[in-house]
Amino acid sequence: LINEDVESVDFLEISTAIWKDGGNDESDYWSCIDIGVKDCYLSYYEEGRIEDIIKQNQTIFENAFFGQVTDKEISRAEKKLGFKIPSPFVWFLKKYGSGGNHFDIIGYGKNGKIENVEETLEQRKNGLPKNFLIIENCDEFYYCIDITNGKIATWSQYDNDGLIYRFDNFYDYLNDNLDNAIENS
């Protein structure tokens, strides 16, 4: 299905392969349409890789994540935020909800709400740009997704550094956190 030139991938072939290989509901197919063929392949590849890392390190990640978010809850969150949540983070919310080990991704909370929405709205009052979605609170700074390009940045209201881009996408951020958790366990 995949050649050297990812742009030449046949959309129907890749979406059919995703559907047959674990993509068990219609949302997998439609999310491929939303993000395009190249990004769909990369998302599918990265998501599978992350799932494998978590499964292979069950002792580390066994109770690390909790909750799962529904499409209805995501729609409600997007309405509150005023933008569409990037598909890699939607995948995480639907698959894992929130949590981590040696890191704590804010997502679906024990209170039944998507907590990063409330945190994002609160921090907008302190200067967080409107195109950022908070995904982790590290006390003196936050990790955020820039919804315009999918990159992960840090932001703090307390220093003059402003936004510092740290990762090219959510998958790189999550992979880095998983690797650190494995090394430190």
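The paragraphs below set out a description of the structure included in this document. (Residues numbered from 1 in each chain as written. Predicted model: local features only at pLDDT ≥ 70, side-chain atom pairs only at ≥ 80, totals over all residues. Heavy atoms only, no water.)

### Let's talk about the overall build of the protein
The cut-off we apply is this: Secondary structure counts use DSSP, requiring at least four H or I residues in a row for a helix and at least two E residues in a row for a strand, with both numbered from the N terminus. For the exposure calls, accessible area comes from a 1.4 Å probe over protein chains only, and a residue counts as buried if that area is under 20% of its type's maximum, exposed if over 50%, partly exposed in between. Any two residues whose heavy atoms approach within 4.5 Å are treated as being in contact.
When you go through the protein residue by residue, the secondary structure sums to 8 helices and 6 strands. Listing every helix and strand of the protein by position from the N terminus yields α-α-α-α-β-α-α-β-α-β-β-β-β-α. A total of 185 residues make up the protein; the buried ones form 42% of that total. Expressed as a percentage of contacts within the protein between residues at least 6 apart in sequence, the contacts between residues at least 24 apart total 51%.

### What to know about the sheet that holds strand S3 (residues 132-137)
Put simply, the test is: Following DSSP output, two strands are said to pair if at least two bridges run between them. A fitted line through C-alpha atoms serves as each axis, taken over the contacting stretch for helices, and the angle formed by two N-to-C directions is quoted from 0 to 180°.
An order of S3-S4-S5-S6 is seen for the 4 strands of this open sheet, with the pairing classed as antiparallel. Because the sheet does not close on itself, it has two edges, and the strands there are S3 and strand S6 (164-167). With strand direction ignored, the average angle separating the axes of adjacent strands in the sheet is 40°. Strand direction decides the pairing type here: strand S4 (residues 142-146) and strand S5 (residues 152-155), joined by 4 bridges, are antiparallel. Counterpart to Tyr 143 in the pairing with S5 is Thr 154.

### Focus on the side chain of Asn 175
Structurally, Asn 175 is set in helix H8 (residues 170-183). Look past the residues within four positions of Asn 175 in its chain and what remains in contact with it is Glu 46, Arg 49, Ile 50 and Ile 53.

### Focus: the packing of helix H6 (residues 87-95) against H8
Test applied: Here the word oblique covers every angle except those under 35 degrees (roughly parallel), over 145 (roughly antiparallel) and from 65 to 115 (roughly perpendicular). Residues were grouped as follows: Ala, Val, Leu, Ile, Met, Phe, Trp, Tyr, Cys and Pro as nonpolar; Asp, Glu, Lys and Arg as charged; and all remaining residues, including Gly, as polar.
Where H6 contacts H8, the axes come no closer than 9 Å and their chain directions differ by 45°. With respect to each other, H6 and H8 are oriented oblique. Residues Pro 88, Phe 89, Trp 91 and Phe 92 of H6 touch H8, and the partners they reach there are Phe 170, Tyr 171 and Leu 174. A class-by-class count of the residues in the contact of H6 with H8 yields 7 nonpolar, no polar and no charged.

### Quick word on the environment of Thr 148
We apply this condition: As used in this structure description, the phrase polar contact means that two N or O atoms lie within 3.5 Å; if the pair is within protein, one of them must be able to donate a hydrogen and the other to accept it, and residues adjacent in sequence are counted only when both atoms belong to side chains.
Structurally, Thr 148 is set in the loop between S4 and S5. The exposed category is assigned to Thr 148, whose relative accessible area is 59%. With 65 residues separating them along the chain, Thr 148 and Phe 83 place their C-alpha atoms 9.9 Å apart. Looking at Thr 148, its side chain comes within polar contact range of the side chain of Asp 146, at 2.5 Å.

### Overview of the packing of helix H5 (residues 71-81) against helix H7 (residues 115-124)
Direction vectors running N to C along H5 and H7 enclose 5°, while the axes themselves pass 10 Å from each other. As summarised for this structure, H5 and H7 are arranged roughly parallel, according to the angle between their axes. Contacts from Ala 77, Lys 80 and Leu 81 in H5 reach Val 117, Glu 118, Thr 120, Leu 121 and Arg 124 in H7. Looking at side-chain class alone, the contact of H5 with H7 contains 4 nonpolar, 1 polar and 3 charged residues.

### Describing the layout of surface pockets
Space left empty within the atom packing is revealed by a probe, the size of a water molecule, rolled over the atoms. Keep this limit in mind: The distinction between a cavity and a pocket rests on a 1 Å grid over the protein atoms alone: a 1.4 Å probe fits inside a cavity but cannot get out, while a pocket stays open yet meets protein on both sides within 12 Å along at least five of seven lines, and a residue with an atom within 4 Å of a point counts as lining. Grid points are joined across faces, edges and corners, and a volume is the space filled by probe spheres set on the points.
Counted as a void, the second largest pocket has a volume near 180 Å³. In this structure, the second largest pocket is lined by Glu 73, Arg 76, Ala 77, Lys 80, Gly 112, Lys 113, Ile 114, Val 117 and Glu 118. Looking at the lining of the second largest pocket, the elements with two or more residues in it are H5 and H7. The dominant element in the lining of the second largest pocket, judged by the number of residues it contributes, is H5, at 4 residues. By residue class, the composition of the lining of the second largest pocket is 3 nonpolar, 1 polar and 5 charged.

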